[in-house]
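# Coordinate inspection notes
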Amino acid sequence: MEEKTILIAGSITVDELANALGLSVTQLIGELFKNGIVATINQRLDYETAQIIIDELGLKNVKLERKNTATRTSDLHRELSDKAITRPPVVAVMGHVDHGKTTLLDTLLHKKTVDDEAGGITQHISAYQLKHDDRLITFLDTPGHEAFAAIRQHGAMLTDIVIIVVAADDGVKPQTVEAINFAKTANAKIIVAINKIDREGADIDRTKADLSNHGLQPEEWGGDITMVPISAKQNQNLEQLIDMVLLTADIEELKADVDIPAEGLVIESHMETGKGSVVNLLVTGGELKTGDFIVAGKSYGKIRTMLDWQGKPKGKATPSTPVTVTGFKELPNFGDRFAEVSDEKTARKMALLNAEAIADESASANVTSTDLLRMMNAADNSKVMNVIVKGDVLGSVTSVVDSLKMIDTHGEITLNIVSTGVGDISENDVYMAAGGNTIIYGFNVSVPINISKMAARDGVPIRTYKVIYELLDDAKHEMENLLDAEIIETDTGEMKVLGVFRTEKTSIIAGGEVLKGDVKSGYLAKIVRNKEQIGEAEVTSTQKEKMDVKELVAGETGGLAMRTTSKIDLQIGDRLKFFTRETKKRTL
């Protein structure tokens, strides 16, 4: 059999792996379930996980290879051609609230958006392009980190470089740590902009030390992270920062094909009166042109108008270019991939197929090889308890997480720690929990009113405690709710069938002698012939000498009526073994 090679740049979705293996998504997910692995269509699998799955499926002719992430495109299975061209880097600007990420972009782009935003906080994703030394750079300004998390969850190996903005007078904050973690998970290169160096109290060395404690070691201290002290407000050292972005892009050798159908990612979408669906796209491959037919998830359309980031008409968009288009029949979802197709008929057909494929999809999450092995070791266990833990200090978080892991579930419940962090419960926590049956536990932290309202709207449970044992009791109770109830059957009696008076599709009337115990209405009966059970029924009434009675006991002869779910051919000589069945909630 011919050997097949699959290239993986960082990670791959279940959908993509199924396509690469020549299996239907349903077939692959079914195989995973057989091996005790719970997966959804858009879950991302790392290299090691994909290898484990292929081994489990016994696919000897499939070989995995790591693909250089510097040449990644939105299609993880296609090598770049010899005609691939250098593309601009895609740079996400992230950082703690009020540390100056939007001000940095405004200064770079000579814009003034901060005053227009509610409370000076970015309300949506914005994509811009800057020209420096005749080279383009695409910037993404994200509203906190939920947008970056969603991009990662939807499988877009999109961002090449992350600029993490840290205020020199404030240091590393919880959202700074989240930004660092997201950047590392997305396998993006990190550049730190130490902002507000013009302010009183700014301490660059202290900020660098703070960052090094969180895994970012400055180059000048023997590490590999470039850190540039800047003042976004005073336009100080910004040219040096941009030079470092371009240098990093050169080292990464970022490329994309242009002689292929256009493809990319939906980064925003909304409705506008008179325009219909207005969608912001980021092209990652090919050339997107006005008049092209495109599909994004279960949405499709023909591009009616296309504007650049400044709102000017644009005839075509090349890789790493953000554009705003109209023409979609309905709004695509944020994070959906789009692809150019030949005509409307094809577009409509692909949109329908996509809609069917994602009909039962739940919020997805990355799966590592460690997660996978844990799920496989749990054998037939398919019950997972997802939690996010926030605490007042790192020690509290560690204690809570370690204690949760100590709860003995007898291997029946898998505890999945979705995220941990220090500080009050945030928007990002709710975004990560939404749609994923996830409980947010807070220990000695607060829940801002707006976050509480957001969680209530999205159906996300938030539980806060000041005593760790109360938190653990709650978690244990939630785990017990996931356990299958214990089924208890109690034998009550037995009858030998001496006569069959009527058998219908869902009912039987018969008579016989009670050999032991008793029989009464409500009892269940196993119908046994030659020691083999042939059916089950429920007793609905009992009679003795043609009179209704409450029960029949051992030694008595009488009749009974039974209800069945399907027709059973009861015969003289069969045995009816009566019993009761009840369910009992289990405890840990």
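Scope of this entry: the structure provided in the associated data block. The structure presented is a predicted model; accordingly, all values stated were derived computationally and were not measured.

The rules behind these values
Residues numbered from 1 in each chain as written. Predicted model: local features only at pLDDT ≥ 70, side-chain atom pairs only at ≥ 80, totals over all residues. Heavy atoms only, no water. Phe/Tyr/Trp six-rings, centres within 6.5 Å; stacked < 30°, edge-to-face > 60°. Helix = DSSP H or I, 4+ residues; strand = E, 2+ residues; numbered from the N terminus. Buried < 20%, exposed > 50% of the residue type's maximum accessible area, 1.4 Å probe, protein only. Lys NZ or Arg CZ within 6 Å of the ring centre and 35° of its normal. Pairing = 2+ DSSP bridges. Core = buried A, V, L, I, M, F, W, Y, C linked by side-chain atoms within 4.5 Å. Axes fitted to C-alpha atoms, helices over the stretch in contact; angles between N-to-C directions. Contact = heavy atoms within 4.5 Å. Parallel < 35°, antiparallel > 145°, perpendicular 65-115°, else oblique. Polar contact = N/O pair within 3.5 Å; in protein donor to acceptor, adjacent residues only side chain to side chain.

## Comments concerning the packing of aromatic side chains
- Counted under the stated rule, the structure contains one aromatic pair.
- Measuring from ring centre to ring centre gives 5.6 Å for Tyr 128 and Trp 309, while their planes differ by 85°; the resulting arrangement is edge-to-face. Of the two residues, Tyr 128 is situated in strand S7 (residues 126–132) and Trp 309 in the loop between strand S17 (299–307) and strand S18 (316–317); the sequence distance between them amounts to 181 residues.
- The class for Tyr 128 is buried, based on a relative accessible area of 8%.
- Judged by its relative accessible area of 23%, Trp 309 is partly exposed.
- Here the guanidinium or amino end of Lys 526 rests over the ring plane of Phe 579, the centre of that ring lying 4.9 Å away.

## Here we look at the pairing of strand S33 (residues 575–584)
- As paired strands, strand S26 (residues 486–503) and S33 are joined by 10 bridges and run antiparallel to one another. By the bridge assignment, Asp 491 is partnered in S33 with Phe 579.
- Both strand S28 (residues 524–529) and S33 contribute to a ladder of five bridges, which runs antiparallel. When the bridges of S33 are listed, Val 528 appears paired with Arg 575.

## Some thoughts on the nonpolar core
- Membership of the largest hydrophobic core comes to 31 residues, with the highest contact counts inside it found for Ile 164, Val 192, Leu 211 and Leu 216.
- Where this core is concerned, the elements lending two or more residues are strand S6 (90–95), strand S9 (161–167), helix H6 (174–185), strand S10 (189–195), helix H12 (427–433) and helix H13 (449–458).

## So, the pairing of strand S27 (residues 507–520)
- In the sheet, S26 pairs with S27 via nine bridges, with the strands oriented antiparallel. Bridge pairing in S27 places Val 497 opposite Gly 512.
- What sits between S26 and S27 in their antiparallel hairpin is a turn of three residues.
- In this sheet, strand S32 (residues 557–563) lies alongside S27 in antiparallel orientation, the contact comprising seven bridges. Within S32, the residue paired with Ser 507 across the bridge is Arg 563.
- One ladder, built from three bridges, connects S27 with strand S31 (residues 551–553); its direction is antiparallel. Looking across to S31, one finds that Lys 520 is bridged to Glu 551.

## Some points on the environment of Gln 533
- Secondary-structure assignment places Gln 533 in strand S29 (residues 532–544).
- For the pair Gln 533 and Asp 574, spaced 41 residues apart in sequence, the C-alpha to C-alpha distance is 9.9 Å.

## Quick look at helix H1 (residues 14–21)
- Judged by how many residues are buried, H1 sits mostly within the fold: six of eight residues are covered.
- Immediately beyond the C-terminal end of H1, within one or two residues, lies Gly 22, with a positive phi of roughly 75°.

## Quick look at unusual backbone geometry
- Look at Asn 237: it is not a glycine, yet its phi comes out positive at around 70°.
- Its place among the elements puts Asn 237 in the loop between strand S11 (226–229) and helix H8 (238–252).
- Residue Lys 546 is not a glycine yet carries a positive backbone phi of 65°.
- Since its relative accessible area comes to 77%, Lys 546 is described here as exposed.

## Quick word on the sheet that holds S10
- Taken together, six strands build an open sheet; the order of strands is S7-S8-S6-S9-S10-S11 and the sheet is mixed. Edge positions in the sheet fall to S7 and S11, since each has one partner strand and no second. Across this sheet, the average inter-strand angle for adjacent strands is 25°, counted without regard to direction.
- The strands touched by H6 within the sheet are S6, S9 and S10, with S9 carrying the most contacts at an inclination of about 165°.

## Remarks on the packing of helix H4 (residues 101–109) against H8
- Relative orientation of the contacting elements H4 and H8 amounts to 95°, with a least axis distance of 11 Å. Our classification of the angle between H4 and H8 gives roughly perpendicular. Of the residues in H8, those in contact with Leu 104, Thr 107 and Leu 108 of H4 are Leu 238, Leu 241 and Ile 242.

## Overview of the side chain of Ser 299
- Tracing the chain through its elements places Ser 299 in strand S17.
- By relative accessible area, Ser 299 is classed as buried at 1%.
- Within the structure, Ser 299 has its side chain in polar contact with the backbone oxygen of Glu 330 (distance 3.5 Å).

## As for helix H3 (residues 47–57)
- Those residues of H3 lying buried are Tyr 47, Thr 49, Ala 50, Ile 52, Ile 53 and Ile 54.
- Positive backbone phi, at 70°, marks Gly 58, one or two positions downstream of H3.

## Considering the sheet that holds strand S24 (residues 438–443)
- The sheet built from four strands is open, its strands ordered S23-S22-S24-S25 with parallel pairing. Edge positions in the sheet fall to strand S23 (413–422) and strand S25 (462–465), since each of these pairs with one other strand and no more. When strand polarity is set aside, the average angle formed by the axes of neighbouring strands in this sheet is 25°.
- Where strand S22 (residues 383–391) and S23 come together, nine bridges link them in parallel fashion. Bridge pairing in S23 links Ile 388 to Ser 419.
- Here helix H14 (residues 468–482) sits on the sheet in contact with S22, S23, S24 and S25, set at roughly 170° to S24.

## What to know about the environment of Ser 342
- The topology assignment puts Ser 342 in the loop between strand S20 (337–341) and helix H9 (344–357).
- Overall, Ser 342 belongs to the exposed group, its relative accessible area being 61%.
- On a C-alpha basis, the gap between Ser 342 and Asp 292 in space is 7.9 Å, while along the polypeptide they are 50 residues apart.
- One polar contact links Ser 342 to Asp 343, side chain to side chain, over a distance of 3.4 Å.

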